[in-house]
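Below are the chains, spelled out letter by letter.
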Amino acid sequence: MNHIQPDQTSLSEDKPLQQARLSGDPNILDQLLAPPEATSFGIAARVIDVLEQRIGKASLAIRPVASDLSMSTRTLQRRLQEHNLSFASLRDHVRFRHAVHFLKDTALSVDGISRILDFSDRTSFTSAFKRWTGMSPTGYRRQVRQRF
């Protein structure tokens, strides 16, 4: 139920990530976030690169990302589908990795983080983070800080 990316046919969840979630250890989550498919498939790596460049600066929507890659939205979707990937799952991986970093290593507010990660609002970010980890961003931050 609590998957890092919602499209279960796109990417499978690693056992270590499941164990990290079950153990409640937020310190190891960020070590497990890079999607292995990004190194295996050129298009996934290119999408992730564009998303990384856009974090906090521009929209993370599929249309501008496809434009940055000099292709149509449909072509990008088709190329990702050829590798059983989805744009949403890749974007979620990038967002999650950055969310963990911002919550652990910065004093940015949850509202600020949700804006940087291009969520429509704090509630959307909180819902996504709960789906990914089973806890709220504030709860995650509190748990991480109590360990240090």
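Our subject is the structure listed above.
In this report, the structure presented in the accompanying data block is examined. (Residues numbered from 1 in each chain as written. Predicted model: local features only at pLDDT ≥ 70, side-chain atom pairs only at ≥ 80, totals over all residues. Heavy atoms only, no water.)

### Description of the packing of helix H6 (residues 87-105) against helix H9 (residues 137-146)
Point 1. Relative orientation of the contacting elements H6 and H9 amounts to 55°, with a least axis distance of 9 Å. Classified by the angle their axes make, H6 and H9 are oblique. As for how H6 packs across H9, the hand of that crossing is right-handed. Two secondary-structure elements touch here, H6 through Val100, Phe102, Leu103 and Lys104 and H9 through Pro137, Tyr140, Arg141, Val144 and Arg145. (Axes fitted to C-alpha atoms, helices over the stretch in contact; angles between N-to-C directions. Helix = DSSP H or I, 4+ residues; strand = E, 2+ residues; numbered from the N terminus. Parallel < 35°, antiparallel > 145°, perpendicular 65-115°, else oblique. Left-handed = near helix turned anticlockwise from the far one by under 90°. Contact = heavy atoms within 4.5 Å.)

### Focus on unusual backbone geometry
Point 1. The residue Ser70 is not glycine, and still its phi comes out positive at about 60°.
Point 2. Within the secondary structure, Ser70 sits in the loop between helix H4 (62-68) and helix H5 (73-81).
Point 3. A residue is classified by how much of its surface remains accessible, and Ser70, at 68% relative accessible area, is exposed.
Point 4. Here Asn84, not a glycine, exhibits a phi torsion of approximately 55°, which is positive.
Point 5. Summarising the element assignment, Asn84 is placed in the loop between H5 and H6. (Buried < 20%, exposed > 50% of the residue type's maximum accessible area, 1.4 Å probe, protein only.)

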